[in-house]
Amino acid sequence: MVNTLNDEEAEAPEDERSNRPVYQGDTTLSLPSEPTVRLAPGITLLEKFKIIELLGEGGMGSVYRVEHLLMNRQFALKCLNKYQAADAGWKRFQNEAKAAHMLDHANLLKVYEFGLLPGGQPFFLMELVEGVTLADEIKRLGHLPVERAIKIFIQVAFAIGYAHESRVIHRDLKPSNIMLVDKKSDSDTELVKVVDFGIAKLTGVDEFNQQTLTKTGEIFGSPLYMSPEQCMGVAVDHRSDLYSLGCVFYEALTSAPPFMGESALSTMMKHQAENQATLKEASLGMHFPPGLEHVISKLLEKDPQHRYQSASQLASDLIHVERSLSEGEEQAQTSSGAISPAVSSRKELVKKTEQGDAPTSRTAAIMAVSLGTFFLGAATTYLLLPHYKLVEAPKIVIEKKVIPTSDDSVLKSKEWSTIRGDSRRFNFPNNSSLGKIVAADG
């Protein structure tokens with residue numbers, strides 16, 4: 001089930017959660033001035049949202065499954081439990097709603113509506129997703145199979161690329177913010193959703209809000225997945241998301257992120273100063289395609305200039321690795337499963353010989369007669385057919401000679417070769433093509 005609460009929202013003291021009042025009823029809820037409430041199933045909000053169940057809860061926000069009474073459809077409703085107009089949590093919540101509402105992509109969680117409940121509690125209505133997070137799946141499996149991981153991160157790359165083109169930088173990519181949607185049948189392709197744009201940077205949109213939400217020197221994100229420039233608190237761009245994506249991809253393949261220190265600060269220092277182990281080293285000897293090692297290495301470059309410059313480049317490389325893997329599997333299947341009749345016959349013959357069922361003497365006699373006939377025919381053909389003397393082909397000397405392409409008279413003459421004795425000499429211009437030259441001897 002979807003739970004789009006960030007880490008800060010998820011850290012709620014148990015006693016604080018248990019002391020929250022529960023409001024029940026079947027009419028529109030009137031919230032108190034200090035809205036630290038849990039909405040009970042059955043109540044109706046704004047005369048159209050009926051609470052069905054609580055999906056997830058944290059110290060700052062809660063997510064509910066609701067039924068839209070006018071549309072007869074279920075959605076997820078996320079609302080803040082504690083808020084003040086000048087609060088960073090409120091600004092972050094508003095930022096998430098604004099960023100998600102701007103984006104409309106198959107691999108991004110769609111936000112449909114944003115507003116305030118009657119008591120002033122902010123909420124937004126979003127797409128309801130049934131599934132698990134990538135963090136849960138890594139915890140369950142240890143690490144993902146290579147083929148599945150590649151398919152997942154191709155979709156993530158498309159989603160992040162679309163967000164970047166829409167001038168939105170996520171800035172908090174981590175396994176818990178990648179949802180794996182439940183498949184309706186085994187034949188369906190696994191669908192991925194990127195969620196939680198709570199600390200997203202809206203490039204060129206509402207700069208005042210961005211400056212108040214992320215002041216210079218202020219650090220936001222999850223230390224295990226933060227880029228070196230993000231750890232230093234300097235300005236970041238879309239390439240920071242690609243570094244974070246590399247950390248998540250690394251963990252999906254090896255079961256652990258590339259850098260883990262004893263504290264958040266030491267982890268952030270490792271991002272800036274240390275190089276990650278290869279996938280093979282981190283997984284204690286597992287084999288990975290060389291192309292995949294290259295992708296991870298390029299994602300985790302310390303210098304943004306040396307990383308992928310766009311998510312579309314990453315998606316392209318991952319698709320190439322995926323195709324090479326599928327082609328390799330087809331070749332392996334052909335050599336091991338779909339064996340040719342000739343190979344099958346040879347194997348069967350070897351098997352029979354090893355079992356003592358050697359060919360009979362009659363079979364051996366037939367083979368001897370066949371070989372004799374073949375050699376007799378070859379000798380007759382040699383004696384009857386005329387003989388040709390093999391002569392050495394003329395030597396071809398290819399020499400590059402600079403001829404200015406601006407000289408029209410030279411170009412129009414097309415005197416590109418001259419014969420000198422038994423050699424033909426070719427003169428090639430700098431910026432003009434003569435086509436293909438094929439020697440007689442191949």
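Not measured: the values here are computed from a predicted model.

Cut-offs used in this document
- Residues numbered from 1 in each chain as written.
- Predicted model: local features only at pLDDT ≥ 70, side-chain atom pairs only at ≥ 80, totals over all residues.
- Heavy atoms only, no water.
- Disulfide = S-S within 2.5 Å.
- Pairing = 2+ DSSP bridges.
- Helix = DSSP H or I, 4+ residues; strand = E, 2+ residues; numbered from the N terminus.
- Axes fitted to C-alpha atoms, helices over the stretch in contact; angles between N-to-C directions.
- Contact = heavy atoms within 4.5 Å.
- Buried < 20%, exposed > 50% of the residue type's maximum accessible area, 1.4 Å probe, protein only.
- pLDDT = per-residue confidence, 0-100.
- Core = buried A, V, L, I, M, F, W, Y, C linked by side-chain atoms within 4.5 Å.
- Salt bridge = Lys/Arg side-chain N within 4 Å of Asp/Glu carboxyl O.

**Concerning the state of the cysteines**
- For the coordinates displayed, the defined rule picks out 0 disulfides.
- Of all cysteine sulfurs, the one in Cys-231 lies closest to Cys-247, which takes part in no disulfide; the gap is 8.8 Å.

**Re the sheet that holds strand E11 (residues 178-181)**
- Taken in spatial order, the 3 strands of this open sheet run E9-E11-E12, and their pairing is antiparallel. Across the chains shown, the open sheet's two edge strands, defined by having one partner strand only, are strand E9 (131-133) and strand E12 (191-194). Going from strand to strand, the sheet's axes swing by 30° on average, the running direction of each strand aside.
- In this sheet, E12 lies alongside E11 in antiparallel orientation, the contact comprising 4 bridges. Paired with Leu-180 across the strands is Val-192, a residue of E12.
- Lying on the sheet, helix H4 (residues 134-141) is in contact with E9 and E11; it crosses E9 at an angle near 80°.

**Comments concerning the pairing of E11**
- Alternating positions in E11 separate into two faces, Ile-178 and Leu-180 on one and Met-179 and Val-181 on the other, with burial throughout.
- Two strands pair when backbone bridges link them, and E9 and E11 are joined in this way by 3 bridges, in the antiparallel orientation. Across the sheet, residue Val-132 finds its bridge partner in E11, namely Leu-180.

**A short note on the confidence of the model for the chain**
- Averaged over the chain, the pLDDT score is 75; the fraction of residues at 70 or greater is 59%.
- In this model, residues 8-35 is a region of pLDDT below 50 whose contacts with residues beyond four sequence positions or in other chains number 67 contacts.
- The low-confidence segment residues 338-347 (pLDDT under 50) makes 4 contacts with residues lying over four places distant or belonging to another chain.

**Some details on the nonpolar core**
- Phe-153, Val-156, Phe-249, Leu-253, Leu-292, Leu-314 and Leu-318 are the most contacted members of the largest nonpolar core, which has 47 residues in total.
- In terms of residue count, helix H5 (residues 146-165) provides more of this core than any other element does, 11 residues in total.
- Apart from the residues lying within four places of it in its own chain, the contact partners of Leu-314 are Ala-157, Leu-242, Leu-245, Val-295, Leu-299 and Tyr-308.
- Formed by 13 residues, the second largest nonpolar core is a distinct cluster that contains Ile-51, Val-66, Phe-75 and Leu-125.

**Structural notes on the pattern of salt bridges**
- The final tally for this structure, using the stated rule, is 12 salt bridges.
- When the shortest N-O distance is used, the salt bridge between Lys-48 and Glu-113 registers 3.1 Å. Taken together, the positions of Lys-48 in the loop between strand E3 (44-45) and strand E4 (49-57) and Glu-113 in strand E7 (residues 111-116) put the pair 65 residues apart, joining distant regions of the chain.
- With a shortest N-O distance of 2.8 Å, Glu-137 and Arg-140 are connected by a salt bridge. Here Glu-137 and its partner Arg-140 are both found in helix H4, 3 residues apart, which amounts to about one turn of the helix.
- The class of Arg-140 is exposed, set by a relative accessible area of 57%.

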